[in-house]
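Residues per chain, in single letters:
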Amino acid sequence: MQGLLTMLTKFIQAGHVQADVLEGKTARLVRAMEALIPKATILTQARSIREASAASQGAVSNEPIDVDKLDEHALPVRDSASNSAKGKAPARTRRIYLECPGLRILFGPGQNPYTTYAWAMHVHHETPWDPMMIRDEMFVRSWNCNDIVPDNHEACIPCEALVRNNVLRNMLKRMKEGIHENSPHHYQPIAGLLGIIHIKSARINVLRLLKLNDNRALLHRQRQIEDSKRFVLAVASGKVTRISALVRTAVKRGSSVRAMVVSMEKAAVDLY
Ligand SMILES: [Zn+2]
């Protein structure tokens, strides 16, 4: 099958045959192959391939996955991810597809389709296309896609017409220029949501610090009130004689109410 695909690709690249003619011939070839092999045999082979694949991956466990135990550093890292982090533009090569892959979406340097496209928008809005990822490249495939890619085109006519769709154009514009933080979250791509989480985390930290400062200020005021109450009680006790002289001296020294109370308590026991 791989050899057949290589031969068909070379045929298209060399321009020996038109894509739509080749598609018709290929469809007839597939039908002829299906006629030669009984359907039951194909199903049996497919089942055995699935079973062998499942066996190679080990027994399927119904145990829930604890994501906290996953070792992120043990996972393979994509080259494209490290390039994006460095702000490099992803390498773009023109691939030839036997079937229309849809309109290719180009992303700027440092942008990644997985984090830049607003996937959640499709939950709320019906758009005449399906977003698709093929080998780390993003395509939008029209619901009217006819699968046939004309010569010298990258996609079929309905898919290429999506470039004039106002909803898609606005979406691409938002991807390029960014989306306001207050926009509904389903318009945000994952990168936007990560940015919002970062901003909100920073605000939470600032609010925590402010709360800590307020608590300290309230504690200080509470102590001052308690000292004032002790001062009043000390004056009302009548145990301190010449209280006006003691307060006058304390005020001249710039003493706090607490210091005055301590002085009055000492004077009450004749220590001052
Ligand atoms: Zn198409």
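Residues numbered from 1 in each chain as written. Predicted model: local features only at pLDDT ≥ 70, side-chain atom pairs only at ≥ 80, totals over all residues. Heavy atoms only, no water.

### Regarding the overall build of the chain
Here comes step 1: Within the chain, the regular secondary structure consists of 11 helices and three strands.
Here comes step 2: For the chain, the N- to C-terminal ordering of α and β elements is α-α-α-α-β-α-α-β-β-α-α-α-α-α.
Here comes step 3: When the 272 residues of the chain are sorted by exposure, 18% land in the buried category.
Here comes step 4: Partitioning the contacts of the chain with sequence separation of at least 6, the portion at a separation of at least 24 is 54%.
Here comes step 5: Approximately 20,500 Å² of the chain is accessible, and the part contributed by carbon and sulfur atoms is 57%. (Helix = DSSP H or I, 4+ residues; strand = E, 2+ residues; numbered from the N terminus. Buried < 20%, exposed > 50% of the residue type's maximum accessible area, 1.4 Å probe, protein only. Contact = heavy atoms within 4.5 Å. Areas by Shrake-Rupley, 256 points an atom, 1.4 Å probe, with all protein chains shown as cover.)

### As for the confidence of the model for the chain
When pLDDT is low, close inspection of the predicted coordinates is not appropriate.
Here comes step 1: Considering every residue of the chain, the mean pLDDT works out to 79; 65% of them sit at 70 or more.
Here comes step 2: Ranking the elements of the chain by mean pLDDT puts helix α3 (residues 39-56) last with 52 and helix α7 (residues 157-161) first with 95. (pLDDT = per-residue confidence, 0-100.)

### Brief notes about the nonpolar core
Here comes step 1: I105, Y117, W129, V140, L162, L168 and M171 are the most contacted members of the largest nonpolar core, which has 13 residues in total.
Here comes step 2: Where this core is concerned, the elements lending two or more residues are β1 (103-105), β3 (137-142) and α8 (166-177).
Here comes step 3: No other element matches α8, which puts three residues into this core.
Here comes step 4: Excluding residues within four positions of it along the chain, L168 makes contact with L103, W129, V140 and L162.
Here comes step 5: Formed by six residues, the second largest nonpolar core is a distinct cluster that contains C100, A155, C156 and C159. (Core = buried A, V, L, I, M, F, W, Y, C linked by side-chain atoms within 4.5 Å.)

### Quick notes on the pairing of strand β2 (residues 129-134)
Here comes step 1: Relative to β3, β2 runs antiparallel, the two being bridged by six bridges. Its bridge partner being in β3, I134 is matched across the sheet by E137.
Here comes step 2: What sits between the antiparallel neighbours β2 and β3 is a turn of two residues, in which R135 has the positive phi angle 50 degrees. (Pairing = 2+ DSSP bridges.)

### Overview of the sheet that holds β2
Here comes step 1: Judged by pairing direction, the sheet is antiparallel, and its three strands sit side by side in the order β1-β3-β2 without closing on themselves. Of all the strands in the sheet, the pair left with one neighbour each is β1 and β2. Geometrically, the sheet is characterised by an average inter-axis angle of 35 degrees between neighbouring strands, direction not taken into account. (Axes fitted to C-alpha atoms, helices over the stretch in contact; angles between N-to-C directions.)

### Section: a nonpolar patch on the surface
Here comes step 1: A cluster of nonpolar side chains, contributed by I190, L194 and I197, occupies part of the molecular surface with about 290 Å² of accessible area.
Here comes step 2: Along the polypeptide, I197 turns up in helix α9 (residues 190-237). (Patch = residues over 30% accessible without salt bridge, like charges linked within 9 Å, V, L, I, M, F, W, Y side chains within 5 Å. Salt bridge = Lys/Arg side-chain N within 4 Å of Asp/Glu carboxyl O.)

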